Amino acid sequence: MQTIQEYISTHKNRFIEELIELLKIPSVSADTAYSQDVLNTADAIMDSLKKAGCDHVELCETPGYPIVYGEKIIDKNLPTVLVYGHYDVQPADPIDLWDSPPFNPVIKKTDIHPEGAIFARGACDDKGQMYMHVKALEYMTSQGNLPCNVKFMIEGEEEVGSESLAWFVPRNTEKLANDVILISDTGMIANDIPSITTGLRGLSYVEVEVTGPNRDLHSGLYGGAVANPINILSKMIASLHDENNHITIPGFYDKVEELSREERDEMAKAPFSLEEYKKALDIDAVYGEKDYTTNERNSIRPTLDVNGIWGGYIGEGAKTVIASKAYAKISMRLVPNQDWEEITQLFKTHFENIAPAGVKVKVTPHHGGQGYVTPINNIGYQAASKAYQETFGVTPIPQRSGGSIPIVALFEQELKSKTILMGFGLNSDAIHSPNEHFGVWNYLKGIETIPYFYKHFAELSK
């Protein structure tokens, strides 16, 4: 029997090539032009699960993109691990900011990844991290040392809100029954400072539309006499934060979880260099809510950000026009106890109320989800901690993430089990951005660590 380290050494090149082939498929769920590519990716995941050792694999139809389900049940008396991941990816735009084509993966060395990183859309979020679990299963089944039952649920709509998964889960609670849910769609502090994500922020995502005159107008003939939707929208958005960068929507903070001074002091023990943070982003100062540190602002505090804004003429040269309409996409990251549907309604009511006469405002909710916190005293977290200790040689740090996986709260509600977030990416991996990448070392380290989770979870479950 080979150890996991020996198995990785033997199959390293194949593991990398298989991931590269998966990354070549542009499974962009937000754009219907890529619908067939999304479906092709689901087929590829099915094939990978079969080859990895699942006894049963199926494509589960939903109102949207299908869910790939696979399982390896070795003994119904043993605990069951449910692995969740997603095979869809973010749009690659803006394409011209990529150093290499987003769906033509290349391996390049960087200062942080001297052994090389795979540059491609989806490399870290989430194809690379999801595929670590497939290869970890391959090792355990090939060596006959799988200590638990395992189920896979890989979806194709995470990047657009997981609406079909929210439909699927309550209808399949028996199929998905498990003792713990394992996800790798988060990150860690650094390659030499492993961490386990213990909290996620929730999300509310909306689109706003401001309409003024019934057509585009000549800015000379009408300028100064008619409300300009772009000007109005800019003012409305600016008013959503006060001078302390506090969000001004009435009721927005009513249910925000306030961490104690002791909890904040514990968070502050995580290694962090503000100067390195600014240097990595090429900024000369940080920005955010008054009286909170950078790490608190991006993890335990709610936010409101404009993700896109447009209207009027943006082509070459000049066109003196007052646009009839202006638009923006806005996301709000939420903390535990904030209900995303309630926050969406608060935003809608407030944004409509602050619109001046002369324009009409439309707010369209897109998607959202609740925040999530997992306790560190459950056996799932303890098994993960022991697994990191075996492969990294140090105890991982519990850390709250600023990101969102909206479906996690639903998992606990419907499946009654805790979620463990074992991420192996880094904040510098540029997920959702041009030049997204995933370190080869991180990819292989994930494959190495995951089997130890199964080992310790089985032992702690006895």
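Residues numbered from 1 in each chain as written. Predicted model: local features only at pLDDT ≥ 70, side-chain atom pairs only at ≥ 80, totals over all residues. Heavy atoms only, no water.

**Student:** So, unusual backbone geometry: which residues are in play, and what are the values?
**Tutor:** That bond from aspartate 93 to proline 94 is cis: its omega, -5°, falls within 30 degrees of zero. Considering the arrangement of structural elements, one finds proline 94 in the loop between β3 (80-86) and β4 (106-108). In this structure, the amide linkage connecting aspartate 125 to the following residue, aspartate 126, adopts the cis form with an omega of 0°. Among the structural elements, aspartate 126 can be located in the loop between β5 (117-119) and α3 (127-143). Here aspartate 282, not a glycine, exhibits a phi torsion of approximately 55°, which is positive. In this structure, aspartate 282 sits in the loop between α8 (274-281) and α9 (294-297). (Helix = DSSP H or I, 4+ residues; strand = E, 2+ residues; numbered from the N terminus.)

**Student:** Account for the state of the cysteines, naming residues and giving values.
**Tutor:** Scanning the model with the defined rule gives 0 disulfides in all. The cysteine cysteine 60 is free of any disulfide, with cysteine 54 supplying the nearest cysteine sulfur at 12 Å. The class for cysteine 60 is buried, based on a relative accessible area of 6%. Summary of cysteine pairing: cysteine 148 is not part of a disulfide, and the nearest cysteine sulfur, belonging to cysteine 54, is at 14 Å. (Disulfide = S-S within 2.5 Å. Buried < 20%, exposed > 50% of the residue type's maximum accessible area, 1.4 Å probe, protein only.)

**Student:** Would you mind going over the pattern of salt bridges in detail, with residue names and values included?
**Tutor:** The tally for this structure, following the rule as stated, stands at 23 salt bridges. Arginine 14 serves as the salt-bridge partner of glutamate 18, at 2.8 Å between the closest nitrogen and oxygen. Remark: arginine 14 and glutamate 18 occur in helix α1 (residues 4-23); sequence separation between them is 4 residues, near one turn of the helix. Residue glutamate 18 is classed as partly exposed on the basis of its relative accessible area, which comes to 23%. When its relative accessible area of 30% is taken as the criterion, arginine 14 is described as partly exposed. (Salt bridge = Lys/Arg side-chain N within 4 Å of Asp/Glu carboxyl O.)

**Student:** Just give me the short version of the packing of helix α4 (residues 163-171) against helix α12 (residues 407-415), but keep the residues and values in it.
**Tutor:** Their axes nearest at 10 Å, the elements α4 and α12 cross at an angle of 15°. As far as their axial angle goes, α12 and α4 are roughly parallel. Between α4 and α12 lies a crossing whose hand is right-handed. Every residue of α12 that contacts α4 at Leu165, Ala166, Val169 and Pro170 is listed here: Ile407, Leu410, Phe411, Glu414 and Leu415. Considered class by class, the residues forming the contact of α4 with α12 number 8 nonpolar, no polar and 1 charged. (Axes fitted to C-alpha atoms, helices over the stretch in contact; angles between N-to-C directions. Parallel < 35°, antiparallel > 145°, perpendicular 65-115°, else oblique. Left-handed = near helix turned anticlockwise from the far one by under 90°. Contact = heavy atoms within 4.5 Å. Nonpolar A, V, L, I, M, F, W, Y, C, P; charged D, E, K, R; others polar.)

**Student:** Help me get a handle on the sheet that holds strand β14 (residues 360-369), residues and values and all.
**Tutor:** Strands sit in the order β11-β13-β9-β14 across an open sheet of 4 strands; the sheet is antiparallel. At either margin of the open sheet sits one strand with a lone partner, and together these are β11 (303-311) and β14. Here the average twist between neighbouring strands, direction ignored, is 15°. Inspection of the sheet shows β11 paired to strand β13 (residues 325-334) by 8 bridges, in the antiparallel sense. If you follow tryptophan 310 over to β13, its bridge partner there is tyrosine 327. Each of β9 (202-211), β11, β13 and β14 is contacted by helix α6 (residues 229-238), which is oriented at about 15° to β13, the strand it contacts most. Its contacts with the sheet put helix α10 (residues 340-353) on β9, β11, β13 and β14, and the angle it makes with β14 is roughly 165°. (Pairing = 2+ DSSP bridges.)

**Student:** Quick rundown of α6? Include the residues and the values.
**Tutor:** Residue pairs three or four apart in sequence face the same way in an α-helix, which turns once every 3.6 residues. Among the residues of α6, those classed as buried are Pro229, Ile232, Leu233, Met236 and Ile237. Here the buried residues of α6 occupy an arc of 130° about the axis, which is enough to place them on one side. Residues of α6 that are exposed and point over 90 degrees away from its buried face: Lys235 and Ala238. Looking at the buried positions of α6, the neighbouring elements they touch are β9, β11, β12 (321-322), β13, α10 and β14. Its side-chain oxygen placed 2.9 Å from the backbone nitrogen of isoleucine 230, asparagine 228 serves as the N-cap of α6. (Arc of directions from axis to C-beta. Polar contact = N/O pair within 3.5 Å; in protein donor to acceptor, adjacent residues only side chain to side chain.)

**Student:** Describe α10, with residues and values.
**Tutor:** In this model, α10 (14 residues) spans 20 Å end to end at C-alpha, consistent with the 20 Å of a helix rising 1.5 Å per residue. Buried residues along α10 sit against β9, α6, β11, β13 and β14. In this structure aspartate 339 caps α10, since a side-chain oxygen of it lies 3.1 Å from the backbone nitrogen of glutamate 341. (Expected span 1.5 Å × (residues − 1).)

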